[in-house]
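An overview of the molecular structure
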Amino acid sequence: MKDRRARRWAIAGFAVANAAVASYFLVLPRWPDLRDAAHPNVAAAALGVLAAAAAWGRARRAGARRGTEAFLALESACVAAFLATYVYYLSYQLPQGAGAPAVGARAPGFRLPDQEGRARSLDELRGRWVVVDFFRGHW
Amino acid sequence: MQALEGDFRALGAELVAVSSSGVESHASLARRIGAGFPILSDPEGQAIRAYGLLHPGALPFTDVPVARPAVFVLDPEGVVRARHLTENWRVRERGERLLAELRRLGAGGRREPGR
């Protein structure tokens, strides 16, 4: 016997959890405010996991075949755990910054190619205020 | 940040961005965001290392150096006047805050006589 209600809940939970995780990474580069506040995505993913897990439990109690529910719940849990790990742990894994020049220190010079391939050096900008922004590449 | 480029210029400040990505990827980034300021390519980590920002192992299975996001404000003598080291590399410094800081430090004001 199939429990249609459990199946629907499992699919809904799976969809919510996966959408919450995927949307976080897809909107990352576009709206910095959303990226900085990841908690709604994490909460939505957690709710999705709860729904899918509840559906799995219901299917088990009903004695129905439950492979699909189990898969949906476990997959949701995995993606949600990944997002939570990324947001609350991985993104804090940084070097200490002990080697960074302190306020009042002379800024180390460098000479690097710009987006047109021309070599630019910090010395060219002596005499002006300079804001040097080190950002993450690859996005 | 690029939206505020004009405001930085008005204060007599230059924006310089640095990442470990290649020139090609910076060229397309600059086109996409309409950046008129230099975006420097540092795949060897020359500047990233000099500023103590190397973030080893940030990208699994590669040895591409990734910089800890950070912003340094340098005065006309090339001295660091402010620095912002991110605690969390998902979050980046906001241009508006930097502008306010530049004004506070005296950028865009009258040059002190004799300097």
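Now for a description of the structure that goes with this document.

1. Thoughts on the overall build of chain A
A count of helical and extended segments in chain A gives four helices and three strands. Secondary structure elements of chain A, listed N to C terminal, follow the sequence α-α-α-α-β-β-β.

2. Observations concerning the overall build of chain B
Across its full length, chain B holds four helices and six strands. When the helices and strands of chain B are listed from N to C terminus, the series reads α-β-α-β-α-β-β-β-β-α. Residue pairs at least 24 apart in sequence account for 36% of intrachain contacts in chain B once pairs closer than 6 positions are excluded.

3. A short note on the pairing of strand E1 (residues 13–19) of chain B
E1 of chain B sits mainly inside the fold: six of its seven residues count as buried. Both strand E3 (residues 129–134) of chain A and E1 of chain B contribute to a ladder of six bridges, which runs parallel. Bridging from a neighbouring strand, Val-131 of chain A pairs with Leu-15 of chain B of E1 of chain B. As paired elements, E1 of chain B and strand E2 (residues 39–41) of chain B share three bridges and run parallel to each other. When the sheet's bridge partners are listed, Ser-19 of chain B is paired in E2 of chain B with Ser-41 of chain B.

4. Re the packing of helix H3 (residues 39–61) of chain A against helix H4 (residues 67–88) of chain A
All names here are of chain A. Orientation of H3 relative to H4, taken along the N-to-C sense of each, is 160°, at an axis distance of 8 Å. In this view, H3 runs roughly antiparallel relative to H4, as classed from their interaxial angle. Handedness of the H3/H4 crossing: left-handed. For the pair H3 and H4, the contacting residues are Asn-41, Val-42, Ala-45, Ala-46, Gly-48, Val-49, Ala-52, Ala-53, Ala-55, Trp-56 and Ala-59 in the first and Glu-69, Ala-70, Leu-72, Ala-73, Ser-76, Ala-77, Val-79, Ala-80, Leu-83, Ala-84 and Val-87 in the second. Residues of the contact of H3 with H4, tallied by class, amount to 18 nonpolar, three polar and one charged.

5. Overview of the sheet that holds E1 of chain B
Strands sit in the order E2(B)-E1(B)-E3(A)-E5(B)-E6(B) across an open sheet of five strands; the sheet is mixed. A strand with exactly one partner marks an edge of an open sheet, and here the two such strands are E2 and strand E6 (80–85) of chain B. Looking at each pair of strands side by side, their axes are set apart by 20° on average, direction ignored. Packed on one face of the sheet, helix H4 (residues 95–105) of chain B meets E3 of chain A together with E1, strand E5 (70–74) and E6 of chain B and runs near 25° to E5 of chain B.

6. Some words on the nonpolar core
If you look at the biggest cluster of nonpolar residues, it comprises 31 residues, and the most contacted ones within it are Val-131 and Val-132 of chain A together with Phe-72 of chain B. Once residues within four sequence positions are removed from consideration, Val-132 of chain A is found in contact with Val-16, Val-18, Val-71, Phe-72 and Leu-74 of chain B.

7. Concerning the pairing of E6 of chain B
Residues and elements named next belong to chain B. Across five bridges, E5 lies against E6 in antiparallel orientation. Bridge pairing links Ala-70 to Leu-85 in E6. Between E5 and E6, which pair antiparallel one after the other, the connecting turn spans five residues, and Gly-78 there sits at a positive phi close to 80°.

8. Remarks on the environment of Asp-75 of chain B
By secondary structure assignment, the location of Asp-75 of chain B is in the loop between E5 and E6. Residue classification places Asp-75 of chain B among the partly exposed residues on the basis of 19 C-beta atoms within 10 Å. With 27 residues separating them along the chain, Asp-75 of chain B and Leu-102 of chain B place their C-alpha atoms 9.3 Å apart. Once residues within four sequence positions are removed from consideration, Asp-75 of chain B is found in contact with Trp-129 of chain A together with Arg-81 of chain B.

9. A look at the environment of Val-21 of chain A
All names here are of chain A. Topologically, Val-21 is positioned in helix H1 (residues 4–27). For Val-21, a count of 24 C-beta atoms within 10 Å corresponds to the buried category. Taking the C-alpha atoms as reference, Val-21 lies 9.8 Å from Ala-38; in sequence the two are 17 residues apart. Those residues within four positions of Val-21 in sequence are excluded, and the remaining contacts are Ala-45, Val-79, Ala-80, Phe-82 and Leu-83.

10. Digging into H3 of chain A
Across its 23 residues, H3 of chain A extends 33 Å between first and last C-alpha, which sits within 8% of the 33 Å expected from 1.5 Å per residue. One or two steps after H3 of chain A, the chain reaches Gly-63 of chain A, where phi turns positive at roughly 70°.

About the thresholds
Numbering of residues starts from 1 in each chain and follows the order in which that chain's sequence is written. Whichever chain is written first is A, and whichever ligand is written first is 1; the rest continue in order. Selection of residues for local features in this predicted model requires a pLDDT of at least 70, selection of side-chain atom pairs for listing and counting requires 80 or more, and totals for whole chains, interfaces and linings are taken over all residues. Numbered from the N terminus, helices here are DSSP runs of H or I no shorter than four residues, and strands are runs of E no shorter than two. Working definition of a contact: two residues with C-beta atoms, positioned from the backbone, lying within 7 Å. We call a residue exposed when 12 or fewer other C-beta atoms sit within 10 Å of its C-beta, buried when the count reaches 20 or more, and partly exposed for counts in between; the C-beta positions come from the backbone. A strand pair is defined by DSSP finding two or more bridges across the two strands. As a rule, the C-alpha atoms of each element are fitted with a line to give its axis, helices using only the stretch in contact, and angles between N-to-C directions run from 0 to 180 degrees. Small angles under 35 degrees read as roughly parallel and large ones over 145 as roughly antiparallel, with 65 to 115 read as roughly perpendicular and the rest as oblique. Helix crossings are classified by the rotation of the near helix relative to the far one: an anticlockwise turn of less than a right angle makes the crossing left-handed, while a clockwise turn makes it right-handed. Three categories are distinguished: nonpolar for Ala, Val, Leu, Ile, Met, Phe, Trp, Tyr, Cys and Pro, charged for Asp, Glu, Lys and Arg, and polar for the others, with Gly belonging to the last. Note on terminology: a nonpolar core is a set of buried residues of type Ala, Val, Leu, Ile, Met, Phe, Trp, Tyr or Cys, with members joined through C-beta atoms within 7 Å. For a helix, the expected span equals 1.5 Å multiplied by the residue count minus one.

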